[in-house]
Amino acid sequence: MKPWLAALATAAWLPGCGAPGHPPTGDPENGRLLLRQFGCGHCHRIPGVADAQGTAGPPLAKVGERAYLAGVLPNTAANMAAFIRDPRRFDPRTTMPDLGVTEAHARDMVAYLAEAK
């Protein structure tokens with residue numbers, strides 16, 4: 001296992017993933033607004049986010065219940081925030097762009113996505 005992946009694997013799991021951990025610490029309502037502001041819905045379907053009907057990326061409904069993110073990262077709040085901030089760090093072939101999301105904004109987005117149904 002690559003060192004960065006091993007380090008990420010020790011972070012707290014998101015609710016619904018079947019492992020103990022801490023819930024995301026961000027503001028879910030602000031996260032919902034940020035997902036729209038950053039245009040995430042151009043590529044993803046995101047429940048509760050206006051105009052989020054994209055199909056280029058995976059739908060984000062119930063993403064908090066998935067075991068892995070991007071097929072390689074254990075689904076933790078820390079891993080999801082890190083992927084949102086720098087997706088090519090984890091998957092150099094991803095089409096997801098680096099949008100310059102701050103750490104605080106990523107925490108808020110994760111707080112919303114962890115509960116998105």
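Residues numbered from 1 in each chain as written. Predicted model: local features only at pLDDT ≥ 70, side-chain atom pairs only at ≥ 80, totals over all residues. Heavy atoms only, no water.

K.L.:
Where do I start with the overall build of the protein chain in this structure?
P.N.:
Of regular secondary structure, the protein chain possesses 5 helices and 2 strands. Listing each helix as α and each strand as β along the protein chain from the N terminus yields α-α-β-β-α-α-α. In the protein chain, which comprises 117 residues, the proportion classed as buried is 39%. Put simply, 48% of the contacts in the protein chain that link residues at least 6 apart link residues at least 24 apart. For the protein chain, the accessible area works out to roughly 6,500 Å², and carbon and sulfur atoms hold 56% of it. (Helix = DSSP H or I, 4+ residues; strand = E, 2+ residues; numbered from the N terminus. Buried < 20%, exposed > 50% of the residue type's maximum accessible area, 1.4 Å probe, protein only. Contact = heavy atoms within 4.5 Å. Areas by Shrake-Rupley, 256 points an atom, 1.4 Å probe, with all protein chains shown as cover.)

K.L.:
How do you make sense of unusual backbone geometry when you look at a structure like this?
P.N.:
Apart from glycine, the bulk of residues carry a negative phi angle, and the bulk of peptide bonds sit in the trans form. Positive phi, normally seen in glycine, also occurs at Asp-51, with a value near 65°. Checked against the element boundaries, Asp-51 lands in the loop between helix H2 (28-37) and strand E1 (68-69). For Lys-62, which is not glycine, the phi dihedral falls at a positive 60°. Note that Lys-62 resides in the loop between H2 and E1.

K.L.:
Just to check I follow, could you spell out the nonpolar core for this structure?
P.N.:
Generally speaking, a soluble globular protein has its nonpolar side chains buried in company with each other. Formed by 24 residues in total, the largest nonpolar core has its most connected members in Leu-35, Ile-46, Met-80, Ile-84, Tyr-112 and Leu-113. Every element with two or more residues in this core is listed here: H2, helix H3 (77-85) and helix H5 (103-113). For this core, the element with the highest residue contribution is H3, accounting for 6 residues. The contacts of Leu-113, once residues within four sequence positions are left out, are Leu-35, Ile-46, Leu-60, Val-63, Gly-64, Met-80 and Ile-84. (Core = buried A, V, L, I, M, F, W, Y, C linked by side-chain atoms within 4.5 Å.)

K.L.:
Got a minute to help me understand H2 in this structure?
P.N.:
Spacing of three or four residues puts side chains on the same side of an α-helix, whose turn is 3.6 residues. Within the sequence span of H2, burial applies to Gly-31, Leu-34 and Leu-35. Down the axis, H2 shows its buried residues gathered within 105° of arc, on one side only. Contact partners of the buried residues in H2: H5. Two or three places before Glu-29, at the opening of H2, Asp-27 has a side-chain oxygen 3.0 Å from that residue's backbone nitrogen. Downstream of H2 by a residue or two, Gly-39 has a phi angle that is positive, lying close to 75°. (Arc of directions from axis to C-beta. Polar contact = N/O pair within 3.5 Å; in protein donor to acceptor, adjacent residues only side chain to side chain.)

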